[in-house]
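Geometric and topological summary
What follows is each chain in one-letter form.
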Amino acid sequence: MKPVGPIPPGFETIGGELAISGRRASELAAEAGRTPLFVYSRAMLDARVAQLRAALPSRVGLNFAVKANPHPAVIAHMAPLVDGFDIASAGELKLCEAAGIDPRRISFAGPGKRDAELEAAIAAGVTLNCESEGEGDRALAIGQRLGIAPRIAVRVNPSFVITGSGMKMGGGAKQFGVDAERVPALAKHLIAQGAEWRGLHIFTGSQTLSAEAIIEAQANVLGLAAELTEAIGAPCPKLNMGGGLGIPYFPGDTPVDLPKVGAALAERVAHLPSTLAETELCMELGRFLVGEAGVYLTRVIDRKQSHGVIFLVTDGGLHHQLAASGNFGTVVRRNYPSAIATRYGAEATEEVNIVGCLCTPLDRLADNAMMPRAEVGDLVAVFCAGAYGATASPSAFLGHGPAAELLV
Ligand SMILES: *Cc1c(COP(=O)(O)O)cnc(C)c1O
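Residues numbered from 1 in each chain as written. Predicted model: local features only at pLDDT ≥ 70, side-chain atom pairs only at ≥ 80, totals over all residues. Heavy atoms only, no water.

1. Re the packing of helix α6 (residues 133–146) against helix α7 (residues 183–192)
Put simply, the rule is: Every axis corresponds to a line fitted to the C-alpha atoms, with the helix fit spanning only the stretch in contact, and the corresponding angles, defined between N-to-C directions, vary from 0 to 180 degrees. Numbering of helices and strands starts at the N terminus; helices are DSSP runs of H or I of at least 4 residues and strands are runs of E of at least 2. Orientation is classified from the angle alone, with under 35 degrees giving roughly parallel, over 145 giving roughly antiparallel, 65 to 115 giving roughly perpendicular, and any other angle giving oblique. Contacts between residues were defined by any pair of non-hydrogen atoms, one from each residue, lying within 4.5 Å. Side-chain classes are defined by residue name, with Ala, Val, Leu, Ile, Met, Phe, Trp, Tyr, Cys and Pro counting as nonpolar, Asp, Glu, Lys and Arg as charged, and the others, Gly among them, as polar.
Packing of α6 against α7 brings their axes to within 11 Å, and their N-to-C directions diverge by 5°. Classified by the angle their axes make, α6 and α7 are roughly parallel. Packed against α6, whose contacting residues are Glu133, Gly136, Asp137 and Leu140, the element α7 presents Leu186, His189 and Leu190 at the interface. Partitioning the contact of α6 with α7 into residue classes produces three nonpolar, two polar and two charged.

Structure below.
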């Protein structure tokens, strides 16, 4: 027997079924007209933003990292809830524009921005988080050609990383950002060449559950931003402090102590160095905002036995849920929180392997998990599916096509 991860709070049982935003799983599958489907809960998105606003000092704004969940309805729902949007491609810019988001609320990070992407962003008035000297010069040239002063911040590759992070995105040699010691020269050059200076972006990592690690990273980020601003010799209009807050996926994971993070940040913000006194601050979050608000529902197509082991074969799989299958950034496969959605809360009586429909042994959703007895036609729920699910999985693999998506 292998445990499954903790099911996030906020779900109900109605008529013996998992309910999301008060709607039964079977009803949602019927509304989508097909399975598998991702269901995202408006109420849970609202609750998460409210929880953050309550914990963080009001001076610190919230950006949504669109790559975590670029579903158009999710972007539109987030538009009035958060302060800014972080994009990583011209495609994400189009999605934000379609949602009516003011480009001045958008910043664009990511290594390898094409000239056409830089041009679209500059023309729209999006802030570029500049990832290199070369990119900075290309942006200046495009701005000159368009007759627009490009809005540019510099993304810093800090010499420290967030400890206990699942994915390190700073420290040492990286394709992200500009090494901290080269940032002042680049910033001065951009300003001298007529860019509208927007400040600094320092992102140190992702999926951290430790409040202490986040507090330490934020202290380091604020210290580095003050040093760099001093060296640049121009005020820092905005500091994107990164995010890094994680969500519990696996047995034993516990949620970030948000009040603790917020209290420490409030203390720091109350005693900022004078160089940052006028600086607008924000955090950028993806999975923490949307991850727990999403559930992946997939139908049991077959129930079979092999060498005494029960397999529930579903119509979903790693082509929609690469991370849950254990093939996206994990070394040892552990079970995401999962359940039989149509027998929710029923007693777990048998050990099963829940697998997907792809012809590869990698396609597993839950191993050796204790579940209520499920039959063909039942729905399986995989939780924590609101971030890096639908668009971070190889949905073209094997030709089953993408999952449906519903915001309810
Ligand atoms: C991916 C990414 C994020 C979001 O990370 P989460 O773990 O989803 O919060 C934020 N900022 C940058 C620069 C990123 O690349």
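Now, onward.
2. Points about helix α9 (residues 258–270)
What counts, and what does not: To estimate the expected span of a helix, subtract one from its residue number and multiply by 1.5 Å. Relative accessibility under 20% of the residue-type maximum defines a buried residue, over 50% an exposed one, and the middle range a partly exposed one, all with a 1.4 Å probe and only protein chains included. Within this analysis, the arc is defined by the directions that extend from the helix axis to the C-beta atoms.
Here α9 spans 18 Å end to end across 13 residues, near enough to the 18 Å set by a 1.5 Å rise per residue. Here α9 has its buried residues at Leu258, Val261, Gly262, Leu265 and Val269. Along the axis of α9, the buried positions cluster into a sector of 95°, meaning they face one direction only. In α9, the exposed residues that point more than 90 degrees away from the buried face are Pro259 and Ala270. Elements that come into contact with the buried residues of α9 comprise α2 (42–55), β5 (60–65), α8 (211–232), β15 (280–285) and α10 (287–290).

3. What to know about the packing of α2 against α9
Two elements in contact, α2 and α9, have axes whose closest approach is 8 Å; the angle formed by their N-to-C orientations is 40°. Looking at the two axes, α2 sits oblique to α9. Touching Gln51, Leu52 and Ala55 of α2 are Leu258, Pro259, Gly262 and Ala263, all from α9. A class-by-class count of the residues in the contact of α2 with α9 yields five nonpolar, two polar and no charged.

4. Overview of the site of the ligand
How we decide: In this text, near means that some heavy atom of the residue lies within 4 Å of the molecule or strand in question. Pairs of N or O atoms are called polar contacts if they sit within 3.5 Å, as long as, within protein, a hydrogen donor faces a hydrogen acceptor (for residues adjacent in sequence, only side-chain-to-side-chain pairs). Accessible areas in this description were obtained via Shrake-Rupley with a 1.4 Å probe; residue shielding takes into account the shown protein chains only.
In the vicinity of the ligand there are twelve residues, among which Lys67, Ser206, Gly286, Arg287 and Tyr388 approach most closely. Here serine 206 contributes a side-chain N or O atom positioned 2.4 Å from an oxygen atom of the ligand. At a separation of 2.5 Å, an oxygen atom of the ligand approaches a polar side-chain atom of tyrosine 388. When the ligand sits alone it has 390 Å² of accessible area, and the protein chains cover 92% of it. Residues of the shell around the ligand, tallied by class, amount to five nonpolar, three polar and four charged.

5. Overview of the environment of serine 132
Of note, serine 132 is situated in the loop between β8 (127–130) and α6. The spacing of serine 132 and valine 290 is 158 residues in sequence and 30 Å in space, taken between C-alpha atoms. When residues no more than four places from it in sequence are discounted, the contact partners of serine 132 are Val178 and Leu186. A distance of 3.3 Å separates a polar atom in the side chain of serine 132 from the backbone nitrogen of glycine 134. In this structure the side chain of serine 132 is engaged in a polar contact, spanning 3.0 Å, whose partner is the backbone nitrogen of glutamate 135.

6. What about the domain arrangement of the chain?
For clarity, the cut-off: Domain boundaries shown here were taken from an automatic or database domain assignment. Throughout, buried area stands for the accessible area (probe radius 1.4 Å) lost by two parts on being put together, summed over both. Just to be clear on terms, a salt bridge is a Lys or Arg side-chain nitrogen sitting within 4 Å of an Asp or Glu carboxyl oxygen.
Each domain of the chain was delimited in the assignment, giving domain 1 (12–40 + 291–407) and domain 2 (70–285). For domain 1 versus domain 2, the separation of C-alpha centres amounts to 34 Å. Counting the surface lost from both domain 1 and domain 2, the interface buries some 1,100 Å², and carbon and sulfur atoms represent 70% of this. Joining domain 1 to domain 2, the criterion identifies zero salt bridges.

7. Here's the deal with the pattern of salt bridges
The tally for this structure, following the rule as stated, stands at 21 salt bridges. In this structure, the salt-bridge partner of arginine 23 is glutamate 27, at a minimum N-O distance of 2.7 Å. Given the relative accessible area of 23%, arginine 23 is considered partly exposed. A residue is classified by how much of its surface remains accessible, and glutamate 27, at 30% relative accessible area, is partly exposed. Close ionic contact of glutamate 212 with lysine 260 constitutes a salt bridge, the shortest N to O distance being 2.6 Å. A residue pair is termed long-range when its members are at least 10 positions apart, and glutamate 212 in helix α8 and lysine 260 in helix α9 qualify at 48 residues. Looking at glutamate 212, the relative accessible area reads 47%, which means it is partly exposed. Within the structure, one salt-bridge network assembled from shared partners comprises Lys2, Arg333, Arg364 and Asp367.

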